[in-house]
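Observations on the three-dimensional arrangement
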Amino acid sequence: MRILGIDPGLRLTGYGVIEQTGQQLSYIASGVVRTETGELPGRIKIIFDGVMEVLAQFQPDAAAIEKVFVNVNPQSTLLLGQARGAAIAALTSAGQPVFEYTALQVKQAVVGNGHADKTQVQHMVKRLLKLPAEPRPDSADALACAICHAHGGQGLGALISASGRRRGGRML
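A quick note: this is a predicted structure, and the numbers were derived from the prediction, not measured. (Residues numbered from 1 in each chain as written. Predicted model: local features only at pLDDT ≥ 70, side-chain atom pairs only at ≥ 80, totals over all residues. Heavy atoms only, no water.)

1. Thoughts on the pairing of strand E4 (residues 62-66)
- Summarising burial for E4: five of the five residues are buried, a large majority.
- Taking every second residue as pointing to the same face, both faces of E4 are buried, with Ala62, Ala64 and Glu66 on one and Ala63 and Ile65 on the other.
- Pairing analysis gives four bridges linking strand E1 (residues 2-7) to E4, with the strands arranged parallel. Its bridge partner lying in E4, Ile3 is registered against Ala62. (Buried < 20%, exposed > 50% of the residue type's maximum accessible area, 1.4 Å probe, protein only. Helix = DSSP H or I, 4+ residues; strand = E, 2+ residues; numbered from the N terminus. Pairing = 2+ DSSP bridges.)

As structure tokens, this is what we get:
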């Protein structure tokens, strides 16, 4: 199965494509869709068109996208939501199944710690996909989203909830 991961952003929307064969994950491609400064409608169109190009080039079987979190600045949250909406609109208009994951789920699935920082995510993406170097942050986050989907969206969190017992974040 080929999986496209998307890390939405108004300035940089990261994408990462992996292939899953059984439990084996393989790197296919990654990069960013860049928008220039300018009016919002034009930037949204660039994101939409960029995601459509990625879909046409790599023809994934599924897409995973990070959910927007509410941060301190409501204006930034709204802009991020619009960029995310443009990516989802492109995916759904192409008939692509879309799966959504929180940043906590993605980090838990890739690093084993839902509060991992960006450098930890980059390092684990490099290790899991056997890359020669760490990918750039936006690409790493998109690849991590795809890896999260390949792992069933749960990672170590599935083990914790399956055990039913935990204390201080540790499985009992």
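2. A short note on helix H4 (residues 118-128)
- Among the residues of H4, Val121, Gln122 and Val125 are the ones counted as buried. Each buried residue of H4 lies within a common arc of 100° when the element is viewed along its axis, so the set occupies one face.
- One or two residues past the end of H4 sits Lys130, with phi positive at roughly 55°. (Arc of directions from axis to C-beta.)

3. Brief notes about unusual backbone geometry
- The backbone phi angle of Gln59 is positive, close to 45°, even though this residue is not glycine.
- Position of Gln59 relative to the elements: it lies in the loop between helix H1 (40-58) and E4.
- Its relative accessible area of 58% is what places Gln59 among the exposed residues.
- Positive phi, close to 55°, is recorded for Lys130, a residue that is not glycine.
- Of note, Lys130 is situated in the loop between H4 and helix H5 (137-150).
- Lys130 sits in the exposed class, given a relative accessible area of 61%.

4. A closer look at the nonpolar core
- By size, the foremost hydrophobic cluster in this structure holds 20 residues, and its most contacted members are Leu4, Ile6, Tyr15, Ile47, Val51 and Leu91.
- Counting residues per element, this core draws most heavily on helix H2 (residues 74-93), which supplies six residues.
- Among all residues touching Tyr15, those that are not within four sequence positions of it are Leu4, Gly5, Ile6, Ser30, Gly31, Val32, Val33, Val54, Phe58, Ser139 and Ala142.
- Ranked by size, the runner-up nonpolar core spans 19 residues in total, among them Ile3, Ile18, Ala64 and Tyr101. (Core = buried A, V, L, I, M, F, W, Y, C linked by side-chain atoms within 4.5 Å. Contact = heavy atoms within 4.5 Å.)

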